[in-house]
Amino acid sequence: MGVGIEVKDLNAWYGANHTLHDITLNIPANQCTALIGPSGCGKSTFVRCLNRMHETTPGAKVTGSVRIGDVDVYNGSSPVEIRRRIGMVFQRPNPFPTMSIYDNVSAGLRLNGFRNRKALDEIVERSLKQAALWDEVKNDLKKKSGASLSGGQQQRLCIARALAVDPEVMLMDEPASALDPVSTSKIEDLIFELKSQYTIVIVTHNMQQAARVAERTGFFLNGRLVEFDSTHKIFTNPSDKRTEDYITGRFG
Amino acid sequence: MSFKNILAPIASIVGVTLIGIVIFLGVYSWPAVKFNGFSFVVKNDWNLGNLYANPVMHRGHLIMPGAQYGILFLIVATLLSTLIAVVLAVPLGVGSAIFLSDGVPAVLRPWLSFFVELLAAVPSVVYGLWGYAAVIPLLSHTVFPWMAKHLAFIPFFAGDTGSGYGLLTSGFVLTLMIVPLITSTMRDALISQPRGLREAALALGATRFETMWSVILPSTRRVLIASSILATGRALGETMAVLMVGGGALNYLPNNIYAPITTMAAFIVSQLDSALEDPTGMAVRSLAEVALVLCVISVIVNGAARLMLYFSGYQRLGGGGWA
Ligand SMILES: Nc1ncnc2c1ncn2[C@@H]1O[C@H](COP(=O)(O)OP(=O)(O)OP(=O)(O)O)[C@@H](O)[C@H]1O
Ligand SMILES: [Mg+2]
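1. Re the interface of chain A and chain B
Counting residues at the interface gives 22 residues for chain A, matched by 21 residues for chain B. Only helix H2 (79–85) and helix H3 (101–111) of chain A provide two or more residues apiece to the side of chain A that touches chain B. Counting residues per element, the side of chain A that touches chain B draws most heavily on H3(A), which supplies five residues.

2. A short note on the domain arrangement of chain B
Often, the extent of an interface is quoted as the loss of accessible area on bringing the components together. Residues and elements named next belong to chain B. The domains assigned to chain B are domain 1 (3–63) and domain 2 (72–282 + 295–314). Its C-alpha centre places domain 1 at a distance of 28 Å from the equivalent point of domain 2. With five residues, helix H1 (residues 3–36) is the largest single contributor of residues to the side of domain 1 that touches domain 2. Class assignment of the residues belonging to the side of domain 1 that touches domain 2 gives a composition of 13 nonpolar, two polar and two charged.

3. Observations concerning the packing of H3(A) against helix H4 (residues 117–130) of chain A
Residues and elements named next belong to chain A. Where H3 meets H4, the axes come as close as 10 Å, and the angle between the chain directions of the two elements is 110°. With respect to each other, H3 and H4 are oriented roughly perpendicular. The interaxial crossing formed by H3 with H4 has right-handed handedness. Taken together, the residues of H4 that come into contact with H3 (itself represented by Tyr-102, Val-105, Ser-106 and Leu-109) are Leu-120, Ile-123, Val-124, Ser-127 and Leu-128. When the residues that make up the contact of H3 with H4 are grouped by side-chain class, the tally is seven nonpolar, two polar and no charged.

4. Things to note about the environment of B:Gly196
As for its placement among the helices and strands, B:Gly196 is situated in helix H7 (residues 195–203). With 69 residues separating them along the chain, B:Gly196 and B:Ala265 place their C-alpha atoms 46 Å apart. Not counting residues within four places of it along the chain, the set of residues in contact with B:Gly196 comprises A:Phe90, A:Arg92 and A:Asn94.

5. Here we look at the site of ligand 1
Residues and elements named next belong to chain A. Tyr-14, Asn-17, Thr-19, Gly-37, Ser-39, Gly-40, Cys-41, Gly-42, Lys-43, Ser-44, Thr-45 and Thr-57 make up every residue found near ligand 1. Listed by contribution, the elements that provide at least two residues to the shell around ligand 1 are strand E2 (17–27) and helix H1 (43–50). If one sorts the elements of the shell around ligand 1 by residue count, H1 sits on top with three residues. Residues of the shell around ligand 1, tallied by class, amount to two nonpolar, nine polar and one charged.

6. Notes on the pairing of strand E10 (residues 224–230) of chain A
Residue and element names in this part refer to chain A. Direction of pairing for strand E9 (residues 216–221) relative to E10: antiparallel, over a ladder of six bridges. Note that in E10 the partner of Phe-219 across the bridge is Glu-227. In sequence, E9 turns back onto E10 through a hairpin of two residues, with Asn-222 there showing a positive phi of about 50°.

7. Comments concerning the sheet that holds strand E8 (residues 199–203) of chain A
Residues and elements named next belong to chain A. Strands sit in the order E6-E7-E8-E3-E9-E10 across an open sheet of six strands; the sheet is mixed. Two strands bound the open sheet, and with one partner strand each, they are strand E6 (86–89) and E10. Across the sheet, the axes of successive neighbouring strands diverge by a mean angle of 15°, strand direction being ignored. For strand E3 (residues 32–36) and E9, the ladder comprises four bridges, and the chain directions are parallel. Looking at E9, one finds that Thr-33 is bridged to Arg-216.

8. Some points on the sheet that holds E2(A)
All names here are of chain A. Taken in spatial order, the four strands line up as E2-E1-E4-E5 in an open sheet, and their pairing is antiparallel. Both outer strands of the open sheet, E2 and strand E5 (71–72), are each paired with one neighbouring strand and no more. When strand E4 (residues 60–68) meets E5, the two strands line up antiparallel, connected through two bridges. Bridging across to E5, Ile-68 finds its partner in Val-71.

Reading guide: rules and limits
- Think of each chain on its own: its residues are numbered from 1, step by step along the sequence as written.
- Following the order in which they are written, the chains are lettered starting with A and the ligands numbered starting with 1.
- Local features are withheld for residues below a pLDDT of 70 in this predicted model, meaning they are given only at 70 or higher, and side-chain atom pairs are given and counted only at 80 or more; totals for whole chains, interfaces and linings count all residues.
- The contact criterion used here is simple: two residues whose C-beta atoms, placed from the backbone, lie within 7 Å are in contact.
- Helix and strand assignments come from DSSP, with helices taken as H or I runs of at least 4 residues and strands as E runs of at least 2, each series counted from the N terminus.
- The split into domains, and so the bounds of each, comes from an automatic or database assignment of domains.
- Residue classes follow a fixed rule: Ala, Val, Leu, Ile, Met, Phe, Trp, Tyr, Cys and Pro count as nonpolar, while Asp, Glu, Lys and Arg count as charged, and any other residue, Gly among them, counts as polar.
- Axes here mean lines fitted to C-alpha atoms, for a helix over just the part in contact, with angles spanning 0 to 180 degrees between N-to-C directions.
- Here roughly perpendicular refers to angles of 65 to 115 degrees, roughly parallel to angles under 35, roughly antiparallel to angles over 145, and oblique to all remaining angles.
- Less than a right angle of anticlockwise turn of the near helix away from the far helix marks a crossing as left-handed, whereas a clockwise turn marks it as right-handed.
- Put plainly, near means the residue's C-beta atom, positioned from the backbone, lies within 6 Å of the molecule or strand in question.
- Two strands make a pair as long as DSSP finds a minimum of two bridges between them.

Below, the structure written as structure tokens:
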């Protein structure tokens, strides 16, 4: 089951470049939250702060607090522990090219020391089914490499890989931006399915997509969270002039 | 003229030269090949015969009395010293490549990398001299006696540690010469792996080590095999350094890992002078046959490694395990 995320006074830097300014918001459990905003406004940086991926960039720095469920992300837990509880899907599909489809999906579990073959088989099947990829790959699970799939299939493989560890939160940074419309709608269907069980945070440039999948939407601009509200409100009656300009296409 | 039309002749010069050299070696050493027969590669008796007597006819060839040529000891020494060097150099080279690509701050990396490239550029005679003056005293007085005492349970590690000149010393010096080769190619391969791959592993909760070991490193395995092939070739053909630290064994096989050896390449250099004294020319032609055998061994080793490369790329998905 998913858990909520509480972010308080989050600031982030790349070297001297102050990228995120005083972000405070509460992301509800078992819902999909969309983050929108013009390119370079800090959406990726924000989601990467949630699972401590930000600090893997040399020179990067974070202050403020993030709580995921009852875990204080930046206080008293190791980044490795945090990342194991949070699934992440990147803009570009990044399956492990030297591993089979099966090994890709089970990688996270094996990393956690999980060795029971029969249970692994079941989880791999369940995750691939959840990611709507099972029927396409069930015959070459151990024969084909993750890199031999099409781009859309690779992205669903990456989603299956993230789901296999049964994370409490799924972070998706423009998961469909490199994909064709058919694959994109498959992934949107998937998000729809998943959000009853997981807390999903999705970054997107596609406002229709945000409107379709998300209960809540946050609008970022120049490293600040301008507005965070129900998706319906953001798209029909935003309180901030800048949000309105953005969603009506007047800039960005 | 197209690009291809210009490049094709240039490329063929390389190929033709190589084939030309091998054909020359074959033709030149042909009398020796016929005279020595198969025993050339299975016997330990390199003997120029009595150079002060008159040549005699023997099995249809004019030779010096008592001359015979068998180089098993050279083949064994060459293969063993190369094996030692590659076995040591692969983990060392990969380890330092991992360190250079992931373990040092980005500002230091160019300096350390420059240093590694410099090591690769040092002429082998310098390694030989250094081995002779600095390494051998240390090995013969301290390291080898310690090994013979404490590692005696490993086959060929016990026994007389000799003068410090020998198989293991040659292996060490060769290791030092090929590590930079492996390090610099592997470092480039590791650095050029897509960032997304690393992030995928980290985001799953892999530690830095797990990320490197299970994800990044496996995707460079073809480069690893290719650079090991190059390194093996270099070690097989290395002349000066092993000539200086090998100990110059003649006609016997090493009885342990410290024993003196001569490799094929070193032997050709060290024997050329005396072989030229032979008025029948059979000695020089037999040396040419040594070179021919060395070429054949290089080709076989290369071919075997290439087969490995083929199978690693097409048959196996590779890596596969965090475990
Ligand atoms: N690795 C990095 N090193 C230095 N600065 C960076 C790095 N990544 C991002 N930035 C800077 O941080 C700011 C926010 O970038 P971020 O990637 O979070 O934007 P984004 O909202 O995700 O944009 P996009 O929609 O284009 O993906 C940008 O100004 C960018 O230049
Ligand atoms: Mg982004």
